[in-house]
Amino acid sequence: MKKIIIIFIVPFLIFGQDLTYVPDDNFEQRLIDLFFDDVLDDYVLTENISSVEELYINNSNISDLTGLEDFINLKTLNCNFNPDLLSLDLSNNTELISISSNQIWGIENGSLEYINVSNCSNLETLTCLHSQVTSVDVSDSPNLIVLNIGHNLINSIDISNNILLETIIIDNNLISEINVSNNSNLNVLDISDNPNLTCADLRNGNNTNITGFYSTGSTSLYCINVDDSTYSTNNWNNILSQHYFSNDCGDNCDQPGCTDPTACNYNPEANIDNGMWL
């Protein structure tokens, strides 16, 4: 008697159709709810998602967005309020125009640590609030208009290539320096509650276009470079009492610290005395 041995292998093709691996059950269930899939089995037909332009998967308890890379025509992504999401790699979603990945409202932050928007040259809006992201590279997004990345752990941001920016909100971060000299379309700038911020250069040749400026809570900041110190003093009031505007703060950023050379905590790089001598 001849025996026939049948080997079952999990295929990546079903009758010639590509499959996309989606290991997060909550993500796949959301795709089922949106009629992009019909069976909870860790796979979705790629052809069902490759032409999708809008995806709303907010409030879905998703922790892993593996599979999102095959949404190659995606233009709008809303993945708000998935507080266990750790990583968001959108480098393959090159058609994206709008990304909203806010994690948690209030004083707490979500788990998101990494976001990658490289290759997103069409991106116009990026919001990522209340996370634990330490860096965001938007240099490949020259069409960016709104950047809202407040309440994170970001220590630097380069927006020199984003000349169309109108709104920059980077409050409650660890940013030490901000330069908006290339952002002449700017009308809202929030740099408040950045305790490490010592340098702010706002000289973009169009400061009168800025109708909302906020720097309260940035306790290491003193001098702020602007186009016209008189105009900024008269019109921008959401600042600390120690903040002042100047057409030229000098070559060096303000560095608070002990300026007394006889003190044991003397800081030779400090040019603003913080009154704390030991």
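Note that the coordinates shown come from a computational prediction; the quantities given were computed from them, not determined experimentally.

Calculation notes
Every residue gets a number counted from 1 within its own chain, in the order that chain's sequence is written. Confidence filtering applies because this is a predicted model: local features only for residues at pLDDT of at least 70, side-chain atom pairs given and counted only at 80 or more, and all residues used for totals across whole chains, interfaces and linings. Only hydrogens and water are removed before side-chain values are computed, so all heavy atoms of the structure are retained for them. Should DSSP find at least two bridges between two strands, the strands are taken to pair. Helix and strand definitions here come from DSSP, where helices need a minimum of 4 consecutive H or I residues and strands a minimum of 2 consecutive E residues; each element is numbered from the N-terminal end. Angular values range over 0 to 180 degrees, each being the angle between N-to-C directions of two axes fitted as lines to C-alpha atoms, with helices fitted over their stretch in contact. Across the chain, each position has a pLDDT score giving the predictor's confidence in that residue, from 0 to 100. Contacts are assigned to residue pairs with any non-hydrogen atoms lying within 4.5 Å of each other. Relative accessibility under 20% of the residue-type maximum defines a buried residue, over 50% an exposed one, and the middle range a partly exposed one, all with a 1.4 Å probe and only protein chains included.

Chemist: I would appreciate a short explanation of the sheet that holds strand 7 (residues 98–100) in the present structure.
Modeler: Two pairing modes exist for strands in a sheet, parallel and antiparallel, and in both the strands are linked by backbone hydrogen bonds. In spatial order, the strands read 4-5-7-9-10-11-13-15; together these eight strands make up an open sheet with parallel pairing. Each end of this open sheet is capped by a strand with a single partner; those strands are strand 4 (54–56) and strand 15 (212–214). Strand-to-strand twist of the sheet, defined as the mean angle between neighbouring strand axes without regard to direction, takes the value 5°.

Chemist: What should I look at first to understand the confidence of the model for the protein in this one?
Modeler: Caution is warranted with low-pLDDT regions, since their predicted coordinates should not be read in detail. When pLDDT is averaged along the protein, the result is 90; 85% of the residues meet or exceed 70. Overall, residues 1–13 carries pLDDT values under 50, and its contacts beyond four positions in sequence, including any with other chains, amount to seven contacts.

Chemist: Would you take a moment to explain unusual backbone geometry for this structure?
Modeler: Leaving glycine aside, a negative phi is the common case for residues, and trans is the common case for peptide bonds. Residues other than glycine seldom take positive phi values, yet Phe 35 does so here, at roughly 65°. Structurally, the position occupied by Phe 35 is in the loop between helix 1 (25–33) and strand 3 (43–45). Phe 35 gets classed as exposed once you look at its relative accessible area, which sits at 74%. One non-glycine residue with positive phi stands out, namely Asn 119, at about 80°. With respect to the helices, strands and loops of the structure, Asn 119 is situated in the loop between strand 8 (114–116) and strand 9 (125–127).

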